Amino acid sequence: MVTVNEAKEKIIANTLLLATEIRTLETSLGYVLVKDILASFSLPSFRQSSMDGYAIFHQDILVNGTALTITGEAKAGERSVQNVNKGEAIRIFTGAPVPDGATAVIMQEHTAREGGQVIVNEFPVQSGKNIRNVGQQIAEGAVALPGNTLLCPGAVGFLLGLNVDTVEVYKKPKVGILVTGDELVKRGDALGYGQVYESNSAMLIAALKQEGIYETEVLYAEDDLDATIVALDALSGRNDVVLASGGISVGDYDYVGKALEAVEAQTVFYKVKQKPGKPLLFARKEDTLFFALPGNPASSLVCFYEYVLPALRKMCGRQDYFLRSLQLPITHAYSFDGERDEFLKATATHDTVIPLDGQESFALRSFAVANAIIYLPVTQNVVAKGDLVEVHLLPFS
Ligand SMILES: Nc1nc2c(c(=O)[nH]1)N[C@H]1C(S)=C(S)[C@@H](COP(=O)(O)OP(=O)(O)OC[C@H]3O[C@@H](n4cnc5c(N)ncnc54)[C@H](O)[C@@H]3O)O[C@H]1N2
Ligand code: MOO
């Protein structure tokens, strides 16, 4: 039996980076860059107006109400290089190239048009006003995004603006799920006495999708050692991570531990001082990781978020692999006995955390509305209303 922190350390120490691949930018959301990306040209690549108005030479404006002669027009997409001379103005629009000689753009609202002239109702005018300079966002040759950046929608847009069309990223893992339990019934089938609908595989697949992991497969094994070995062997041969659901406790029909031994996966730890999820087993065979998740649905999901998800994120190159953690005051007093740290399903608001009713490991009802997990180590087994507690935010929050 290991502590929660020991379990996390052992998992992270046994998790290696996956291979890399080249992806188009459009399919790279949620992937992590392997190397720095350099800007192959400056952004903006030309001096750009940030307003609709008039491009002028700012030193022409010596008093409020100065009149300038309009000599041309520059709209966004203008391809010819224009020029502004002293005493002149060029009508200009947002995003258009600023004519040579212009040192400021006066926004339209600060001007009045009188025939061929524009009256500038602004004084003094700063040099560079409303002009985006070449390279103001990023200069040619500079690091546009460093290696290890997790690609978000903003990153996709930024890189496309730099004409980057493919990126080298860490692959996402293939995940195999083994479902055990003779009491389980597939959805759609009639539910007999003593049976429950199999829901862990769909729940785990949903949690994987939230991480952008879509290459998943599910195998079912009846409560039988040989069947469990055959299924585990098949899954371990073609996946980076294998999640087993159920059959990991001490009952006569719990075969997952023995089957892991039979497929020569080395147990790194079995059992964690925690509630729920005590019988969690973590094993490794070469680069393949095995997590035997306790069958109780809430135990399975807590173990997924606290242990599996950090490993998956680390494999994909992420450096912030644990759930985001913060301290919040708890809204209700809570205490527990025993020697196991507790994870409580909870609702976190911007300034408090509410522990939910229904913390039993078979109950998913609380998880269905939770956006956070409260982590209470045994050293904090009595908390009063308002005490600060450690809160782990779930990915959807
Ligand atoms: N004598 C002991 N008994 C148990 C201990 C213990 O230390 N000594 N630990 C308990 C704890 S804690 C947990 S958690 C469970 C874990 O047991 P298993 O991993 O072997 O899980 P199962 O027995 O297969 O199932 C438990 C429970 O969850 C339901 N289940 C399982 N799989 C699914 C699924 N895919 N979809 C929906 N529901 C599922 C199953 O029907 C059971 O009700 O062991 C305790 N016992
Ligand atoms: O892992 Mo168990 O979840 O304490 O029922």
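Residues numbered from 1 in each chain as written. Chains lettered and ligands numbered in written order. Predicted model: local features only at pLDDT ≥ 70, side-chain atom pairs only at ≥ 80, totals over all residues.

Per an unreviewed UniProt entry, the protein goes by Molybdopterin molybdenumtransferase and derives from Dyadobacter psychrotolerans. The heading Function (unreviewed entry) in the UniProt record of the protein holds the text "Catalyzes the insertion of molybdate into adenylated molybdopterin with the concomitant release of AMP." Regarding the protein, the UniProt comment filed under Catalytic activity (unreviewed entry) reads as follows: "adenylyl-molybdopterin + molybdate = Mo-molybdopterin + AMP + H(+)". (UniProt positions renumbered as here; feature names shortened; annotations may be inferred.)

## Here's the deal with the packing of helix α1 (residues 4–13) against helix α6 (residues 297–315)
It is the contact of α1 with α6, at a shortest axis distance of 9 Å, that shows an interaxial angle of 25°. Classified by the interaxial angle, the pair formed by α1 and α6 is roughly parallel. Both α1 and α6 take part in a crossing whose hand is right-handed. Contacts from A7, K8, I11 and I12 in α1 reach Y307, P310, A311 and K314 in α6. Residues belonging to the contact of α1 with α6 are distributed by class as follows: six nonpolar, no polar and two charged. (Axes fitted to C-alpha atoms, helices over the stretch in contact; angles between N-to-C directions. Helix = DSSP H or I, 4+ residues; strand = E, 2+ residues; numbered from the N terminus. Parallel < 35°, antiparallel > 145°, perpendicular 65-115°, else oblique. Left-handed = near helix turned anticlockwise from the far one by under 90°. Contact = placed C-beta atoms within 7 Å. Nonpolar A, V, L, I, M, F, W, Y, C, P; charged D, E, K, R; others polar.)

## Some details on the sheet that holds strand β13 (residues 175–180)
Judged by pairing direction, the sheet is mixed, and its six strands sit side by side in the order β16-β13-β17-β21-β20-β18 without closing on themselves. Each end of this open sheet is capped by a strand with a single partner; those strands are β16 (216–221) and β18 (266–270). Each adjacent strand pair in this sheet contributes to an overall mean axis angle of 20°, direction not counted. Pairing of β18 with strand β20 (residues 281–285) involves four bridges; the strand directions are antiparallel. Within the sheet, the bridge partner assigned to T267 lies in β20 and is A283. Packed on one face of the sheet, helix α3 (residues 200–210) meets β13, β16 and β17 (241–245) and runs near 160° to β13. (Pairing = 2+ DSSP bridges.)

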